Amino acid sequence: MSAWAIVVAAGKGERAALGRNKVFAMLGGQSVLRRCLCAVRNSGVFDGVVAVISRQDADLFSAQGLDALVDRTADGGETRQQSVYNGLKALPEDVDIVAIHDAARPFAAKALFETAVASARRHGSGVISTPVSDTIKRIDPESGIVSTVDRETLRAVQTPQAFSFDKLLQAHEKAAAEGFFATDDAALFERYWGNVCLVTAPDAERNRKLTTKADFQEEKPVMQCVRVGTGYDAHRLKEGRKLVLGGVEIPHDRGLDGHSDADVAVHALMDAMLGALALGDIGKHFPDSDPAYRGISSTKLLREVTRIVCAAGYQVGNADVTIVAQRPKLSPYMKAMRHALAEAMDVDVSCVSIKATTTEKMGFEGEETGISAQAVVLLQHIREEEQ
């Protein structure tokens, strides 16, 4: 049975007060709509995806490269119901099951799509819902009399909502002819075909809808709580130079050549930290054309990079550095390196890993003409109360 998804993204999102359609707003480096489309596409549940967008957003849709994530597009209508109807009319004729999903719900997990579609295949409908946890009061607008509703009999409905394609299309056609408008597709289906099948699935509570500006402000710190960066550096070995690696001077017949002490391990680490925040590299911050950095200890520069990272609202979560050298044997100095780097980054030594390897005499490291290093760093967002 062929299943397609319709992602409704044609709203104005005025309550979000972002000055544009909220689904094109960025959240953790990606637009809300991209996150939603990727969730739908990567679920593996659907044979195709239709995005319903307003004509005024068409250029932005293309500019963000979202065309590649959908099979078809449809024009938005004056209301959400009309937009869904346009999406239904854009589907192939041989579709059996259709799932409607709001673009403003970018956190839908795979299980939600699987559960909704499986229910629609068995029962003709599958609407994701969750139990109501708040106490609900019913009031009389005139008398003000209040009664308490049994919340055990209540469910909060969300999307995705999956249905038999033919039945949902007919429901929309009848509603359009009658001028009837409902708040969601489940209500339309109920009106013309009877009760819908409410289902739940793991992570349904996480499938929140981004509606107001506050919703975006709440999600932003979560989406930006970690950043990851990688770094690489290599220097030639030269006679008459001290060998400094990981902030530790190591006895050897040659040292690394460079403007500073040429500590490749620290240089790779700093590049990883800066790269995680898209702040360039050490050449940008500490150019070798500046005499102030001639012969400087790289751990001093690491302290400055740590300050830059903290000023951006982040701190080092953990760092992993690999040094590639045929000689000298570095294992006796690993502990000292870890402590030196941990102190410079103001983290516990348990957050720092240093490893060393050879290349079995291959390449410039194996031929002992140079040494290289690679680093991976995870940065954590500093909560306001920690700053």
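Everything numeric in this text was worked out from a predicted model, so none of it was measured.

## Remarks on the side chain of Thr130
Right, on to step 1. In this fold, Thr130 is placed in strand β7 (residues 125-131).
Right, on to step 2. Assessed through its relative accessible area of 7%, Thr130 is described here as buried.

## What to know about the nonpolar core
Right, on to step 1. Core analysis: the biggest nonpolar cluster contains 48 residues, and Leu245, Leu269 and Met345 have the highest contact counts within it.
Right, on to step 2. Mapped onto this core, the elements with two or more residues apiece are β13 (243-245), β14 (248-250), α8 (264-276), α10 (298-311), β16 (314-324), α11 (334-345), β17 (352-357) and β18 (370-381).
Right, on to step 3. Sorting elements by how many residues they give to this core places α8 first, with 10 residues.
Right, on to step 4. Residues within four places of Met345 in sequence aside, it is in contact with Leu269, Met273, Leu302, Thr306, Val316, Ala319 and Val352.

## What to know about the pattern of salt bridges
Right, on to step 1. Within the structure shown, the criterion is met by 13 salt bridges.
Right, on to step 2. Here Arg55 makes a salt bridge to Asp75, at a shortest N to O gap of 3.0 Å. Here Arg55, found in the loop between β4 (48-53) and α2 (58-63), pairs with Asp75, found in strand β5 (residues 72-75); they are 20 residues apart in sequence, far enough to count as distant.
Right, on to step 3. Several salt bridges converge on common partners, so that one network encompasses Arg80, Asp102, Asp185 and Lys209.

## Focus on the packing of helix α3 (residues 80-89) against helix α5 (residues 165-178)
Right, on to step 1. One way to put it is that α3 packs onto α5 with a least axis distance of 10 Å and a crossing angle of 135 degrees. In terms of orientation, α3 and α5 fall into the oblique class. Between α3 and α5 lies a crossing of left-handed hand. On α5, the residues touching Gln81, Val84, Tyr85 and Leu88 of α3 are Phe165, Leu168, Leu169, His172, Glu173, Ala175 and Ala176.
Right, on to step 2. Its residues placed into classes, the contact of α3 with α5 shows eight nonpolar, two polar and one charged.

## Topic: α10
Right, on to step 1. Between its terminal C-alpha atoms α10 stretches 20 Å, which fits the 20 Å expected from 14 residues at 1.5 Å a residue.
Right, on to step 2. Listed as buried for α10 are Ser298, Thr299, Leu301, Leu302, Val305, Thr306, Ile308 and Val309. Summarising the axial view, the buried residues of α10 lie within an arc of 160 degrees, below the 170-degree limit, and thus occupy one face. Of the exposed residues in α10, the ones pointing more than 90 degrees away from its buried face are Lys300 and Ala311.

## Overview of the packing of aromatic side chains
Two aromatic rings are characterised by how far apart their centres lie and by the angle between their planes.
Right, on to step 1. Scanning the model with the defined rule gives three aromatic pairs in all.
Right, on to step 2. Seen from their ring centres, Phe286 and Tyr293 are 5.4 Å apart, and the 80 degrees between their planes marks the pair as edge-to-face.
Right, on to step 3. Judged by relative accessible area, Phe286 falls into the buried class, the value being 11%.
Right, on to step 4. A cation over a ring is seen here: Lys89 above Tyr85, with NZ or CZ 4.3 Å from the ring centre.

## A short note on the packing of α5 against helix α6 (residues 185-193)
A pair of packed helices is captured by two measures, namely the crossing angle of their axes and the spacing between those axes.
Right, on to step 1. Orientation of α5 relative to α6, taken along the N-to-C sense of each, is 85 degrees, at an axis distance of 9 Å. When the axes of α5 and α6 are compared, the pair comes out roughly perpendicular. Facing Lys167, Leu168, Gln170, Ala171, His172, Lys174, Ala175 and Glu178 of α5, the residues of α6 in contact are Asp185, Leu188, Phe189, Arg191, Tyr192 and Trp193.
Right, on to step 2. Residues of the contact of α5 with α6, tallied by class, amount to seven nonpolar, two polar and five charged.

Criteria and thresholds
Residues numbered from 1 in each chain as written. Predicted model: local features only at pLDDT ≥ 70, side-chain atom pairs only at ≥ 80, totals over all residues. Heavy atoms only, no water. Helix = DSSP H or I, 4+ residues; strand = E, 2+ residues; numbered from the N terminus. Buried < 20%, exposed > 50% of the residue type's maximum accessible area, 1.4 Å probe, protein only. Core = buried A, V, L, I, M, F, W, Y, C linked by side-chain atoms within 4.5 Å. Contact = heavy atoms within 4.5 Å. Salt bridge = Lys/Arg side-chain N within 4 Å of Asp/Glu carboxyl O. Axes fitted to C-alpha atoms, helices over the stretch in contact; angles between N-to-C directions. Parallel < 35°, antiparallel > 145°, perpendicular 65-115°, else oblique. Left-handed = near helix turned anticlockwise from the far one by under 90°. Nonpolar A, V, L, I, M, F, W, Y, C, P; charged D, E, K, R; others polar. Expected span 1.5 Å × (residues − 1). Arc of directions from axis to C-beta. Phe/Tyr/Trp six-rings, centres within 6.5 Å; stacked < 30°, edge-to-face > 60°. Lys NZ or Arg CZ within 6 Å of the ring centre and 35° of its normal.

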